[in-house]
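# Coordinates in review
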Amino acid sequence: MITPKLSHEVAAALASGDAVVALESTIFSNLGLPSPANSEALDRCLDAIRRGGAVPAVTAVLDGEVRLGLEADEHDRILGSARKAAERDVPVAVAQAWEFGATTVSASVAIAAAGGVRVFATGGLGGVHRGAELTGDVSADLDSLARHSIVAVSAGAKAFLDLPRTLEYLETAGVPVLGWQHDWFPAFYTRSSGLPVPHRVETAEEVARVSKSLTRVDSGLLLTVPIPEADELDAAELDGVLEAALAECDASGITGAAVTPYVLGRIGAATEGRSVPANLSLAENNAVVAAEVAVAIARS
Ligand code: PSU
Ligand code: MN
């Protein structure tokens with residue numbers, strides 16, 4: 001089992017029962033957002049969590065060490081070039097002393113839970129890919145929520161996934177899916193996928209109560225938060241871009257873990273960069289809600 005190394009601030013917060021929110025590092029690395037938007041995204045998420053009265057805990061593997069919370073002068077290290085580390089890659093990243101393993105949702109959730117952090121914020125969850133009936137490509141993010149004690153906050157799942165199957169998978173895995181003051185499963189850049197979310201919640205206290213009543217010790221839940229209205233992109237335009245980008249992946253043999261960085265790059269180019277402020281806005285907004293939930297859990 002891993003024992004993550006805690007930052008001084010995270011260790012102090014956990015010792016006194018204060019609110020902590022874990023963040024992944026893939027979205028802030030070169031695999032997630034382009035520079036300098038990645039740096040702005042990180043600052044906005046860290047600030048949002050602090051303003052909400054919680055302590056941020058960025059996860060990463062740095063020089064082969066599993067980290068939960070970074071010291072202030074270390075945050076720059078996650079903005080650079082990275083090797084993507086899902087949960088199953090973490091032991092390898094440690095054994096081979098990777099300089100920077102950028103943790104995905106599955107790795108971050110595992111590290112947060114191992115360190116005793118109960119709330120996690122990200123942009124969009126991985127899920128069931130389109131065509132998964134042939135490729136079998138289902139993100140480890142989904143199972144990780146079923147196996148670790150965590151409240152994961154996201155703007156739904158990544159836009160180019162098969163969202164109906166992603167929701168079906170979460171149902172099969174026994175992961176409660178909640179909608180934050182919203183009836184619809186969000187589609188990342190847009191507020192609604194047109195698919196109803198199984199349960200709507202109105203307050204952080206309600207989420208805290210759900211998290212205390214999970215039926216298994218090591219299990220989590222997904223709290224979906226729609227992107228703020230002002231920053232939403234046009235759904236019809238996005239659909240066209242996604243279809244084209246996925247067709248390019250097929251044509252040029254881009255598969256597996258490489259699909260996300262490629263498609264995100266194409267969306268950025270095709271929307272003339274409008275996807276980037278949208279991505280920043282939803283990530284910050286998720287951090288705001290996650291901090292509120294972490295404070296409610298700490299008080300309850
Ligand atoms: N969504 C984004 N940008 C990202 C990711 C998701 O908008 O960079 C990352 C997250 O770290 C997520 C991972 O956990 O992609 C899922 O990758 P895969 O589909 O290979 O499991
Ligand atoms: Mn995959």
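Structure first, text after, so check above.
Going along each chain's sequence as written, the residues are numbered from 1 onward. As they are written, the chains are lettered A onward and the ligands numbered 1 onward, keeping that order. Confidence filtering applies because this is a predicted model: local features only for residues at pLDDT of at least 70, side-chain atom pairs given and counted only at 80 or more, and all residues used for totals across whole chains, interfaces and linings. The side-chain figures draw on all heavy atoms in the structure; neither hydrogens nor water molecules are used.

Moving on, we come to helix α8 (residues 204-212). Type-normalised accessible area, obtained with a 1.4 Å probe on protein chains alone, sets the label of each residue: buried when under 20%, exposed when over 50%, and partly exposed for intermediate values. In this description a helix means any DSSP run of H or I spanning at least four residues, a strand means any run of E spanning at least two, and both kinds are numbered starting from the N terminus. Residues Ala204, Val207, Ala208 and Ser211 constitute the buried set of α8. Down the axis of α8, the buried side of the element spans an arc of 100°, and every buried residue falls inside it. Those residues of α8 hidden inside the fold are in contact with β8 (151-154), β9 (177-180), β10 (199-201), β11 (221-224) and α11 (275-299). In this description, the arc belongs to the directions extending from the helix axis to the C-beta atoms. Contacts are assigned to residue pairs with any non-hydrogen atoms lying within 4.5 Å of each other.

For the rest of this paragraph, the subject is unusual backbone geometry. Most peptide bonds take the trans configuration, and most residues that are not glycine carry a negative phi. Put simply, Ser35 and Pro36 share a cis peptide bond, and its omega is 5°. One can find Pro36 in the loop between β2 (20-23) and α2 (37-51). With a phi angle near 50°, Glu272 is a residue other than glycine that sits in the positive phi range. Of note, Glu272 is situated in the loop between α10 (259-270) and α11.

Centres within 6.5 Å are what make two rings of Phe, Tyr or Trp a pair, Trp counting through its six-membered ring; a difference in plane orientation under 30 degrees is then read as stacked, over 60 as edge-to-face, and the rest as tilted. The tally for this structure, following the rule as stated, stands at one aromatic pair. Judged by centre distance (4.7 Å) and plane angle (75°), the ring pair of Phe188 and Tyr189 falls under edge-to-face. By relative accessible area, which is 6% here, Phe188 ends up buried. The rule is short: NZ of Lys or CZ of Arg within 6 Å of the ring centre and within 35 degrees of the ring normal puts a charge over the ring. Between the NZ or CZ atom of Arg83 and the centre of the ring of Trp98, over which it lies, the distance is 3.8 Å.

Every case where a carboxyl oxygen of Asp or Glu lies within 4 Å of a side-chain nitrogen of Lys or Arg is listed as a salt bridge. This structure, assessed with the given rule, holds 16 salt bridges. The salt bridge partner of Arg147 is Glu87, with a shortest N-O separation of 3.3 Å. Taken together, the residues span a long stretch of sequence, with Arg147 in helix α6 (residues 140-147) and Glu87 in the loop between β5 (83-85) and α3 (90-95) at a distance of 60 residues. Note that Arg165 and Asp162 form a salt bridge whose closest N and O atoms lie 2.7 Å from each other. Judged by its relative accessible area of 41%, Arg165 is partly exposed. You can call Asp162 buried: its relative accessible area is 12%.

Attention now moves to the site of ligand 1. If you check the shell around ligand 1, you find 16 residues, and the closest are Glu24, Lys84, Val105, Ser139 and Asp141. A 3.5 Å cut-off defines polar contacts: any pair of N or O atoms within that distance qualifies, except that in protein one atom must be a possible hydrogen donor and the other a possible acceptor, and neighbouring residues in sequence count only when both atoms are side-chain atoms. Here an oxygen atom of ligand 1 sits 2.8 Å away from a polar atom, N or O, in the main chain of Val105. Here ligand 1 has 480 Å² of accessible area as a free molecule, and 94% of this is covered by the chains. Cavity membership is defined here by more than half of the atoms lying within 2 Å of grid points; on that basis ligand 1 lies in the largest pocket. Each residue belonging to the shell around ligand 1 can be placed in one class, and the counts come to five nonpolar, seven polar and four charged. Near residues are defined by distance, with any heavy atom within 4 Å of the molecule or strand qualifying the residue. Under the convention used here, a 1.4 Å probe and the Shrake-Rupley method define accessible areas, while residue burial counts only the protein chains that appear. Here a cavity is any set of points on a 1 Å grid over the protein atoms alone where a 1.4 Å probe fits but cannot get out, and a pocket is any open set with protein on both sides within 12 Å along at least 5 of 7 lines; a residue lines the site when it has an atom within 4 Å of a point. By definition, a pocket or cavity contains a molecule when more than half of the molecule's atoms lie within 2 Å of the pocket's grid points. Just so you know the grouping, Ala, Val, Leu, Ile, Met, Phe, Trp, Tyr, Cys and Pro go in nonpolar, Asp, Glu, Lys and Arg go in charged, and all remaining residues, Gly too, go in polar.

The subject of this paragraph is the pairing of strand β6 (residues 100-103). Neither face of β6 is open: one carries Phe100 and Ala102, the other Gly101 and Thr103, and all of them are buried. Across two bridges, strand β3 (residues 55-62) lies against β6 in antiparallel orientation. Opposite Leu62, over in β6, you have Phe100 as the bridge partner. Classification remark: right-handed applies to a crossover when, strands pointing away from the viewer, the course from the first strand over the helix to the second runs clockwise. What joins β5 to β6 is α3, and the crossover it makes is right-handed. Being paired, for any two strands, means DSSP has found at least two bridges between them.

Taken N-terminus to C-terminus, the directions of helix α4 (residues 105-115) and α6 make an angle of 20°; their axes are 8 Å apart at the nearest point. With respect to α6, the element α4 is oriented roughly parallel. Seen along the crossing, α4 lies across α6 with a hand that is left-handed. Residue-level inspection shows Val105, Ser106 and Val109 of α4 in contact with α6, the latter providing Ala140, Asp141, Ser144 and Leu145. Per-class residue counts for the contact of α4 with α6 are four nonpolar, two polar and one charged. Angles run from 0 to 180 degrees between N-to-C directions of axes, and those axes are lines fitted to C-alpha atoms, restricted for helices to the stretch in contact. Roughly parallel covers angles under 35 degrees, roughly antiparallel covers those over 145, roughly perpendicular covers 65 to 115, and oblique covers all other angles. Left-handed describes a crossing whose near helix is turned anticlockwise from the far helix by less than a right angle; the clockwise case is right-handed.

Inspection of the secondary structure assignment puts Ser275 in helix α11. The residues touching Ser275, leaving out its near neighbours within four places in the chain, are Tyr189, Leu233, Ile267 and Gly268.

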